[in-house]
Amino acid sequence: MKTLNSQVAIEGKNIVKYFPSGETNTKVLQGISLKIMQGEFISIMGPSGSGKSTLLYILSGLDSPTSGSVYINGTDISHFQDEKMSRMRRQQVGFVFQFYNLIPNLNVEENIMLPLLLDGKKIRDYRKQLDHILQMVGLLNRRKHTPRQLSGGQQQRVAIARALITNPQILFADEPTGNLDSKTGLEIINLLKTINHEYGQTIIMVTHSPEAAKSSNRIIIIQDGLIIDNESGASYLQSSNIYSPPMSSGMFYGHEQHQA
Amino acid sequence: MFILTIILKYILTNLKEHKLRTSVMLLSILLSTILLFVSLSIGASYESAQKKMARGMTGSATISVTTKDSATGISLDDIPDLPEIGVKVGIITGSAIYHKEGYYESMDLIAAEIKALNQINKLRLVNGEEITDFSGNQVILPDRFTSKFSIEKGDLITLQVKGMPVTFEVGEIAAYDTIFLRQTRGTTALFPLDTLRKLVSQTDGYNEILIEPAKGVTTAELKNALQNNMPNHIYDISEIVNEAQIAADARQKSMPFFLISFFALTISVFIIYSSYKVVTLDRLPIIGTFRSIGATEKEVTKVFLFESLIYGLLGGLFGIPIGMLILKFILRGIGKTLSNGIEIPVIISPLSIILPFAVAMVVSISSSWLPIRRASRLPIKDIVLGRVDEKHVSNKATILIGIVLFIISIILPRIAPKSMLYPAGGFSLLGLITAAILNIPLITNLISSGMERLYEVIFKGEGKLSARNIRDNKNVTQNIALLFISLSAVIVISVVGNFVTTYIIDVFHGAELDGLANGDMDQSFVEKVRNMDGIKKILPIYIMENSVQANRNNLIRLEATDNLDWYSSMFALNYSNGLLEQAFYEFHHERNILLSENCMDRTGISVNDIISLSYNGMEYRYRVIGSFKSRATDAEAVIPSYYATQDFGMQTYKLLAYTAVDPEAIIIQIRDLFGETPNWSRTVKEFTTDALATVEAFLQPMHSMTWLILLLATVGVINNLLINYIQKRRSIAMYKSVGLSNRQNIQITLLEGFSSGLIGAVIAVFVSYLEIQTIFLVAGPKITMVPELKHSTFILAGIAGIVINLIGSVAPILKSHQMKLVEEIKFE
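The name given to chain B in an unreviewed UniProt entry is ABC-type transport system, involved in lipoprotein release, permease component, with Lutispora thermophila DSM 19022 as the source organism. Recorded in UniProt under Sequence similarities (unreviewed entry), the annotation for chain B is "Belongs to the ABC-4 integral membrane protein family. LolC/E subfamily." According to UniProt, the comment filed for chain B under the heading Subcellular location (unreviewed entry) is "Cell membrane".

Per an unreviewed UniProt entry, chain A is named Putative ABC transport system ATP-binding protein, and its organism is Lutispora thermophila DSM 19022. Under the UniProt heading Sequence similarities (unreviewed entry), the entry covering chain A gives this text: "Belongs to the ABC transporter superfamily."

Spelled out as structure tokens, the structure:
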């Protein structure tokens, strides 16, 4: 088991994001600053339209802030050109989406190996790692299947495996259980927990589900483009009965809390 | 009903928005309607012009009546008044020779009542005026003749009539059309009736009466009526032309236009179907929304079908008038040629209007019906939740059907009986295209597997990915299918078009011949030519016309040679069942004869028969050692020279064929050698140039149409690339989300474009080769020429395919640069 260390994995400084909305611009993020330490499992929560997904995309480099900076391992990525940013995405971060985002005509193995191929790596050097990851996500016997031959949960496992193949320090997940039933959702969250616990990977997850959020060791609550709670999110979770949680209650009572 | 109105409003707004995809789809329907209309109309016009040319001077008359005793004329009163008769025209004929600067031109002289003649074949003067005051020593000549010898209206020309020089004034110059059209060498000249009567000493009656059947009466009925009402021992009543043969020949020559129609139809079906597939997928959320608020399956299907009906209607309504303008433009474009040559009658039949219109409607509706029906049957929940995946059809069954269809399509035209060749050929063409489309996924997967290994070595990960992306990718296979159809259409139309052009113009195609001299020649003449500088091969030939009978059948033309090997190559003889080397050797040593296939069909003689050749009351037994087809000679029979002199007393050569370093220099010397002796001496090049001047008008529309089909094919490919990008957008976003850079995207997209272009081109080249085989297997029994398959046509088409695909990759590359990554990824 790996433990948290005190190094900063990601830091956001005064992140502002505008989106054009008709003839005016809507300020979605109003100057967010945050620090996420290596090995943390963070959940970002908040009402619809609060800006949580936008923050996640900006932190991961998939989108750029209107102003402000994002540091990954101490490097400001806000001004990265396409080539550098793509390399960063390939090597330092992994991403899990709500709708899996697998390439439909590639099989499980090929989808997982995609970041390696793009990084010019020789596939044969990563065979062992692939087998290990496939075993971890429980898809060893499905390696030649195409996405359409898999269930939603299995597809999300492939997406997680793809995010892990380059052994990135940070894993971003945007509502990874949002498209799954409660049982499968639980499996995916448990898998993320294992990855965080066993390999010490930093995980930043956007979720609507309080149960899923309870698995993380810190919950950040965003509302109207601002962080309103950066610690436990307790008050938010208490009022979370405004949501319809996808998972049955009492699902994640056994999770461990890590101290920052 | 309320929902129906809402959906209708949505569709109309959609149409109004002029989305690029809607415009491309409309353009493809419009273009295919135009192309179908123009190709059908030109095809019909062209067929009609070919028939007109084949009928020549007789125009609409189909029966000729002459007296059995050629010394006696025939009067118009000799023809009984029968209801089957439409128009009857008395014709006086004669012959003459025109000689200028070594050129001898044989002339057929004709005269008739101009008023009556105009009824069966209206004269067309180049100045567009009517003939007035045509009498005395006047002559009307075709412009093809006058321009060749620089003769103007009002000039005087001297003709040798019955060996005597007679001078005439050129009264008018007519277009090389109607009565002046001919399929044989020489020129037709029209004289005032009384003038020619005197010249040929035909004081009363005519040489021939031409009769046009009354409306609704067939030629056979007219002939029957005449035979029943006229004494058969006095009159010969014959059909002027073989209508069925003319129709078959004309159809063959207009084949490229109908091929263009066929491919235009195939391409448009594919474009419209693939467009609808994507449009429907794109509209699934809308369909889901409408269904969720109470629209029934039927209502959704009906309304979306209505939308396609609007496309079809717009295509049809605008396509036909635009097609008429283009038709006019194409025909006007060749107007200058027309004034000197044959007028192509513009035929816009009801069929050529109704068919493209109906096709636009039917193709639009049927292409949209399948995807729309599928979409409207989807569970509402799946549509609303965005869980609709493209149905995965079993590949094995499709591939098996494709392979079986492919084999049948290749075998069928080869085993079909003659009477079934056309339907078999049609099935084979459609079958080959369908089989190729069905097997494209398999072929693409096989080729891309090989490419994956190769590209990985050359282009590393990006290369491997680009090749891998092609495999099992419906968008790519669809793109390859359309590219293949478009390219094969261009290849087949080019090859067949070129073939028809060569077939019409170059009767000496494939003949190792540079020039021909036609006139009386003795041995010393031949030796003088043999000794001319630069002569390579020289072949003197005896000719006997209408004087020898084979098994009592008149041989129209019998030729004799002492070198069958050279004769075969110089006149491009195509031996029907091959001719053994032994037969070549034996030919000169015994009384052997070769017969043309037409002659064998006419006389019922077969190879290996011993036949009797009779001449001047003597009979000689000859063995038929083979049969041939040739477009370069009219000979019906060929025998060894030795026996021509022995049996038929031949002393003077009539024809001299040669090959030379400088054919023009030789022909000038030959003309000089003939001196005042009438002769017809031309180089093959001169002959072909003459022929080209006549048929140029025919060839122009064919080239224009080939460009139009290329345009349709390009629109199709652009449409497909656009569709491809729409479908691919999300997948590019997915790649980018895992670290694909713009540089890598450019590399992968270009490699994908190149590879799919290459696969499409390879399939197109292969299938179009098979299609050409099918076309010539069907047309083969009637033609004597083998199609020339130039590698360059195939290679250029292949390169064009790759280039089109590469150009098509530019838009996706540019668009993906501006892509809003998060939007693409986040929304399913």
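A.B. asks: Tell me about helix α6 (residues 219-229) of chain B, and name the residues and values.
C.D. replies: All names here are of chain B. All of the buried residues along α6 are Thr 219, Leu 222, Ala 225 and Leu 226. End-on, the buried residues of α6 take up no more than an arc of 130 degrees, which puts them together on one face. Looking at the buried residues of α6, the elements they touch are β1 (63-67), β2 (85-100), β8 (208-213) and β9 (235-239).

A.B. asks: Outline the packing of helix α14 (residues 395-415) of chain B against helix α15 (residues 421-470) of chain B, supporting the account with residue identities and numerical values.
C.D. replies: Residue and element names in this part refer to chain B. Between α14 and α15, the least distance of the axes is 7 Å, while the angle of their chain directions is 150 degrees. Taken together, α14 and α15 sit at an angle that is classed as roughly antiparallel. Viewed along their axes, α14 and α15 form a crossing whose handedness is left-handed. Across the interface between the two elements, Thr 398, Ile 399, Ile 401, Gly 402, Ile 403, Leu 405, Phe 406, Ile 408, Ser 409, Ile 410, Leu 412 and Pro 413 of α14 pack against Leu 421, Ala 424, Phe 427, Ser 428, Gly 431, Leu 432, Thr 434, Ala 435, Leu 438, Asn 439 and Leu 442 of α15. When the residues that make up the contact of α14 with α15 are grouped by side-chain class, the tally is 16 nonpolar, seven polar and no charged.

A.B. asks: Give me the lowdown on the pairing of strand β7 (residues 187-191) of chain B, citing residues and values where you can.
C.D. replies: All names here are of chain B. With five of its five residues buried, β7 lies for the most part within the structure. Pairing geometry for strand β3 (residues 103-111) and β7, over five bridges, is parallel. Within the sheet, the bridge partner assigned to Met 107 lies in β7 and is Thr 187.

A.B. asks: Any chance you could break down the interface of chain B and chain A for me, citing the residues and the numbers?
C.D. replies: Contacts between the two partners involve 31 residues from chain B and, on the opposite side, 25 residues from chain A. Both sides of the chain B and chain A interface together cover about 2700 Å² of buried area, and 57% of this is carbon and sulfur. Salt-bridge contacts for A:Glu110 lead to B:Arg471; the nearest nitrogen and oxygen are separated by 3.8 Å. Broken down by class, the residue content of the side of chain B that touches chain A amounts to nine nonpolar, 10 polar and 12 charged.

A.B. asks: Residues and numbers for the sheet that holds strand β10 (residues 226-229) of chain A, please.
C.D. replies: Residues and elements named next belong to chain A. Taken together, six strands build an open sheet; the order of strands is β6-β7-β8-β3-β9-β10 and the sheet is mixed. The open sheet has two free edges, formed respectively by β6 (93-96) and β10, since each of these has just one partner strand. Ignoring strand direction, the axes of neighbouring strands in this sheet form an average angle of 25 degrees. Judged from the four bridges that link them, strand β3 (residues 41-45) and strand β9 (residues 218-223) form a sheet pairing that is parallel. Each residue of the ladder has a partner; that of Ser 43, found in β9, is Ile 219.

A.B. asks: Report on the pattern of salt bridges, specifying residues and quantitative values.
C.D. replies: Residue and element names in this part refer to chain A. Per the stated rule, a full pass over the model turns up 29 salt bridges over all chains. The salt bridge involving Glu 109 is made with Arg 127; its shortest N-O contact spans 3.3 Å. Of this pair, Glu 109 sits in helix α3 (residues 108-118) while Arg 127 sits in helix α4 (residues 127-136), placing them 18 residues apart in sequence. With relative accessibility at 35%, the residue Arg 127 sits in the partly exposed group. Salt bridges sharing partners connect three or more residues here, namely Glu 109, Arg 127, Asp 131, Arg 143 and Lys 144.

A.B. asks: Give a detailed account of unusual backbone geometry, specifying residues and quantitative values.
C.D. replies: The phi angle at A:Asn101 is positive, at roughly 50 degrees, despite the residue not being glycine. Note that A:Asn101 resides in the loop between β6 and α3. Classification of A:Asn101 as buried rests on a relative accessible area of 0%. The phi dihedral of B:Lys460 falls on the positive side, at around 60 degrees, and the residue is not glycine. Assignment of secondary structure puts B:Lys460 in helix α15.

A.B. asks: Which residues make up the sheet that holds strand β4 (residues 67-72) of chain A, and what values go with them?
C.D. replies: All names here are of chain A. Here four strands make up an open sheet; going across it, the order is β2-β1-β4-β5 and the pairing antiparallel. Every interior strand has two partners, whereas the edge strands, β2 (24-37) and β5 (75-76), have only one. Sheet topology places β4 next to β5; two bridges connect them, and they run antiparallel. From the neighbouring strand, Ile 72 faces β5, where its bridge partner is Thr 75. Here helix α1 (residues 52-60) sits on the sheet and contacts β1 (8-21), β2 and β4; the angle it forms with β2, its principal contact strand, is near 60 degrees.

Quick notes on the rules
Residues numbered from 1 in each chain as written. Chains lettered and ligands numbered in written order. Predicted model: local features only at pLDDT ≥ 70, side-chain atom pairs only at ≥ 80, totals over all residues. Heavy atoms only, no water. UniProt positions renumbered as here; feature names shortened; annotations may be inferred. Buried < 20%, exposed > 50% of the residue type's maximum accessible area, 1.4 Å probe, protein only. Helix = DSSP H or I, 4+ residues; strand = E, 2+ residues; numbered from the N terminus. Arc of directions from axis to C-beta. Contact = heavy atoms within 4.5 Å. Axes fitted to C-alpha atoms, helices over the stretch in contact; angles between N-to-C directions. Parallel < 35°, antiparallel > 145°, perpendicular 65-115°, else oblique. Left-handed = near helix turned anticlockwise from the far one by under 90°. Nonpolar A, V, L, I, M, F, W, Y, C, P; charged D, E, K, R; others polar. Pairing = 2+ DSSP bridges. Buried area = accessible area lost by both parts, 1.4 Å probe. Salt bridge = Lys/Arg side-chain N within 4 Å of Asp/Glu carboxyl O.

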